[in-house]
Amino acid sequence: MRVRDAFDELHRRWRAGEAVALATVVATWRSAPQPPGAAMLVTADGAVTGSVSGGCVEADLYERAREVLAGGTPELIRYGVSDDDAFAVGLTCGGVLEVFVERIEPIGFPQLGTVAGARRSGAPTAVVTCVGADAGDEPGTAPADPAGRLGRRLVLAGERVLGSLGSERLDAAAAADALGLLTAGRSGMLRYGYDGQRRGSGVSLFVAAYTTPPRMIVFGAIDFAAAVTRIGAFLGYRVTVCDARSVFATARRFPEADEVVVDWPHRYLQAELDAGRIDGRTAICVLTHDPKYDVPVLALALRRPMAYVGAMGSRRTHDERRKRLREAGVTVEQLARLASPIGLDLGGRTPEETAVSVAAQIVADRWRGSGRPLAELAGPIHGPGQADRAVAAG
């Protein structure tokens, strides 16, 4: 059960002024029964909401949560470190999971009401929590106090960043990287040095993302579409492949796709728009090369504020497509949003190399990247202004 399933009860108890213990899966390995973000809530009256393992470790975790609720000190617990440990707590699936147990009360988490409001409105929201802290190890510096960081939070709600993890540089680094996870609709772990250095030791942060994954719709069930689908899934998109030709649009040919649809592209896109399943994060990749398919769907897509609209084809195909789109009533301003020919100039030839160029263009467009080698640029690698754009797109 994901953290959002326990969230309503958490918010209800928070509004009532009660302290509760929240146990959240923050990392998993192998065949762990629940993904990161699964949560279990334990209250002072002994009530339990949610689950972190479907029953494998709940009995042991319940007692640990009660101790944290009474003492207030957060704890990061690993289950399944060895086969003996796994069987001792009932984790017989062979998986490994780390669970962060913390005490939550209104005075210690004043931003929870903001998070609840953002969730109700559908605004993408992330809660970044320090779940692990090592002793400071920089030469010439005194060891940091791990207990001072555990349980600290940073909240990304709309364009606001609330709270602090204990360092301005750490806050800035965590906010930028958490925004990337939030935009992809994924929860996960981040690790930094105590002052925000991007390295593998220091503090461990868990990002709980409250949003749905962005969508990528690939029109045209060709070999290039299979490669684009794979890289889209890798980037965290929920990928749909759509083609009117049933002989090509099959789940067997596109195992990485979340769904494969047999329909005319423009008809399918219109239905998704009418159902409210398309938003400003959606990426559209039109790979059909056939005017009767791509012109109607592009004309529809370019009139909507989507994150990316690209179309495959040669220069000659591109020129002819632009002419047809203008005849279909697409304005010059709308045409300027069309990435055609699709992708960045990487010099690739194969479907996989082409998919990399398409993905690179989508990422660059999302974060306002230049597409140039970083070695040729100066200043911060994660430039200013990107956060506002990404949050607003959600």
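Refer to the structure printed above.
1. Some details on unusual backbone geometry
Then comes step 1: In this model, Ser340 is joined to Pro341 through a cis peptide bond whose omega is -5°.
Then comes step 2: Tracing the backbone through its elements, the reader meets Pro341 in the loop between β16 (338–339) and α11 (351–367).
Then comes step 3: Positive phi values are uncommon outside glycine, yet His289 reaches one of about 65°.
Then comes step 4: Looking at the secondary structure, you find His289 in the loop between β14 (283–286) and α8 (291–301).
Then comes step 5: For Arg368, which is not glycine, the phi torsion reads 60° and is therefore positive.
Then comes step 6: Here Arg368 lies in the loop between α11 and α12 (386–393).
Then comes step 7: Overall, the relative accessible area of 53% leaves Arg368 in the exposed class.

2. Considering the packing of aromatic side chains
Then comes step 1: A full pass over the atoms with the stated rule returns two aromatic pairs.
Then comes step 2: Between the aromatic rings of Phe7 and Tyr210, the centroid separation amounts to 5.5 Å while the plane-to-plane angle is 65°, which identifies the pairing as edge-to-face. With Phe7 in helix α1 (residues 3–15) and Tyr210 in strand β10 (residues 203–210), this pair connects stretches of sequence that are 203 residues apart. The pair formed by Phe7 and Tyr210 is uniform in burial state, with each residue classed as buried.
Then comes step 3: The interplanar angle of 45° and the centroid separation of 4.9 Å between the aromatic rings of Trp264 and Tyr293 together place this pair among those described as tilted. Taken together, the positions of Trp264 in the loop between β13 (259–262) and α7 (265–274) and Tyr293 in helix α8 put the pair 29 residues apart, joining distant regions of the chain.
Then comes step 4: The exposure class assigned to Trp264 is partly exposed, which follows from its relative accessible area of 32%.
Then comes step 5: Tyr293 gets classed as buried once you look at its relative accessible area, which sits at 10%.

The rules behind these values
Residues numbered from 1 in each chain as written. Predicted model: local features only at pLDDT ≥ 70, side-chain atom pairs only at ≥ 80, totals over all residues. Heavy atoms only, no water. Helix = DSSP H or I, 4+ residues; strand = E, 2+ residues; numbered from the N terminus. Buried < 20%, exposed > 50% of the residue type's maximum accessible area, 1.4 Å probe, protein only. Phe/Tyr/Trp six-rings, centres within 6.5 Å; stacked < 30°, edge-to-face > 60°.

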